[in-house]
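# Secondary and tertiary structure notes
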Amino acid sequence: ETGSCAHMKQQVSFTGIQGDSARITCQVSNAVSYWIHWYRFQDGKPPQRLLCLSRESGELLFDEGFGSNKFHAFKDQFNGEKFILLIKKLEVRDSGMYYCAIWDWDGLVKVFGEGTRLIVTESAFKKKPPKPIFFLPTSEEIKQKQSGTYICLLEDFFPNVVKTYWKEDGNSQPLDAQFGPITGGGNSYSQVSWLTVKEDVLRKNLTYFYQHEDLGMEPKAFSISSVREKGSLVPR
């Protein structure tokens, strides 16, 4: 995807009840191609393209084996860059990762979104956003190792899909953090992530981001002031 201008944004997950419908959203920016492609990835199966949607006319082209009895796709009437995949009459076997994609650079590169995990449940549920708890580097660690470790515990969220990352202010690329497994059960899950940085980065402000279904498509951001300045955590 190097050199590509198009960008695709998706929500991290969608949780629905059997028999209901799922709406999976794809926000497209800087795209040239007229067609939006939707794919499904499921464990143990090759990727499957479901359909193509014309951004201009709304025309739908279904791949073999898929049809309008199960799937529909359309452009959001209030936002011309937002596209919806509708999955009808949900069944557990519909669970999987759903990706939007578009050809870029005159058809030379196919750009994919980051994917939305579809979770199908048998009964009613309540979504819960994560509750972050931060632990900052200690002065002893900095003195002994000339580095420091930031830790964040995300607690008590549902569904059990979350995306987290850390960035240094002024740098668009995520830092090289470590992520523990998502643990828990029922309707309560948690995850720990940690970031170890050298002493020069400790003098800089960081931002911690997390995305979860209950928060929509935009990530929640927390500013973490330089540990040299004894700053506080400020949600944005």
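Below: a short report on this structure. What you see is a predicted model, and the numbers here were worked out from it, not measured in a lab.

Here the focus is the pairing of strand β11 (residues 116–121). Where burial is concerned, most of β11 is hidden: five out of the six residues are buried. Pairing between strand β2 (residues 13–17) and β11: five bridges, direction parallel. From the neighbouring strand, I17 faces β11, where its bridge partner is T121. As paired elements, strand β9 (residues 96–104) and β11 share three bridges and run antiparallel to each other. Its bridge partner being in β11, Y98 is matched across the sheet by T116.

Okay, the sheet that holds strand β1 (residues 7–10) next. Sheets are built from strands that pair by backbone hydrogen bonding, the pairs being arranged parallel or antiparallel. An order of β1-β3-β8-β7 is seen for the four strands of this open sheet, with the pairing classed as antiparallel. Where the open sheet ends on each side, the last strands, each with one partner, are β1 and β7 (71–75). Looking at each pair of strands side by side, their axes are set apart by 20 degrees on average, direction ignored. Strand direction decides the pairing type here: β1 and strand β3 (residues 22–29), joined by four bridges, are antiparallel. Bridge pairing in β3 places H7 opposite S29.

Turning next to the layout of surface pockets. In this model, the largest pocket occupies a volume close to 550 Å³. Considering the residues around the largest pocket, the lining is formed by 22 residues, among which H7, E114, K163, Y165 and Q211 are closest to the centre. Contributions of two or more residues to the lining of the largest pocket are made by β1 and β14 (162–168). When the residues that make up the lining of the largest pocket are grouped by side-chain class, the tally is eight nonpolar, eight polar and six charged.

It is worth spelling out the pattern of salt bridges at this point. If charged atoms from side chains of opposite charge come close, those side chains can pair. Taken as a whole and judged by the stated rule, the model has ten salt bridges. Ionic pairing is found between K163 and E114, a salt bridge with its closest N-O pair at 2.4 Å. Of this pair, K163 sits in strand β14 while E114 sits in the loop between β10 (109–112) and β11, placing them 49 residues apart in sequence. A relative accessible area of 27% means that K163 is categorised as partly exposed. As a salt-bridge pair, K131 and D156 come within 3.4 Å of each other at their nearest N and O atoms. Here K131, found in strand β12 (residues 131–135), pairs with D156, found in strand β13 (residues 147–157); they are 25 residues apart in sequence, far enough to count as distant. You can call K131 partly exposed: its relative accessible area is 48%.

With that settled, consider the nonpolar core. Of all hydrophobic cores here, the largest spans 26 residues; its most connected members are W38, L85 and I87. Looking at this core, the elements that each hand over two or more residues are β3, β4 (35–41), β5 (48–54), β7, β8 (82–87), β9 and β11. If one sorts the elements of this core by residue count, β3 sits on top with four residues.

This brings us to unusual backbone geometry. Of note, the amide linkage connecting F158 to P159 takes the cis form, showing an omega dihedral of 5 degrees. Along the chain, P159 falls in the loop between β13 and β14. In this structure, K89 takes a positive phi of about 45 degrees despite not being glycine. Mapped onto the elements, K89 comes out in the loop between β8 and β9. Residue classification places K89 among the exposed positions, given a relative accessible area of 60%. Even without a glycine there, the phi angle at Q146 is positive, about 55 degrees. Residue position: Q146 is located in the loop between α1 (139–145) and β13. Residue classification places Q146 among the partly exposed positions, given a relative accessible area of 42%.

Glancing now at the environment of N187. As for its placement among the helices and strands, N187 is situated in the loop between β16 (183–185) and β17 (188–198). A sequence separation of 75 residues divides N187 from F112, and the C-alpha atoms of the two residues are 30 Å apart. What N187 contacts, discounting residues up to four positions off in sequence, is K128, D156, F157 and F158.

Rules behind the numbers
- Residues numbered from 1 in each chain as written.
- Predicted model: local features only at pLDDT ≥ 70, side-chain atom pairs only at ≥ 80, totals over all residues.
- Heavy atoms only, no water.
- Buried < 20%, exposed > 50% of the residue type's maximum accessible area, 1.4 Å probe, protein only.
- Helix = DSSP H or I, 4+ residues; strand = E, 2+ residues; numbered from the N terminus.
- Pairing = 2+ DSSP bridges.
- Axes fitted to C-alpha atoms, helices over the stretch in contact; angles between N-to-C directions.
- 1 Å grid on protein atoms, 1.4 Å probe; cavity = no way out; pocket = protein on both sides within 12 Å on 5 of 7 lines; lining within 4 Å.
- Points joined across faces, edges and corners; volume = space filled by probe spheres on them.
- Nonpolar A, V, L, I, M, F, W, Y, C, P; charged D, E, K, R; others polar.
- Salt bridge = Lys/Arg side-chain N within 4 Å of Asp/Glu carboxyl O.
- Core = buried A, V, L, I, M, F, W, Y, C linked by side-chain atoms within 4.5 Å.
- Contact = heavy atoms within 4.5 Å.

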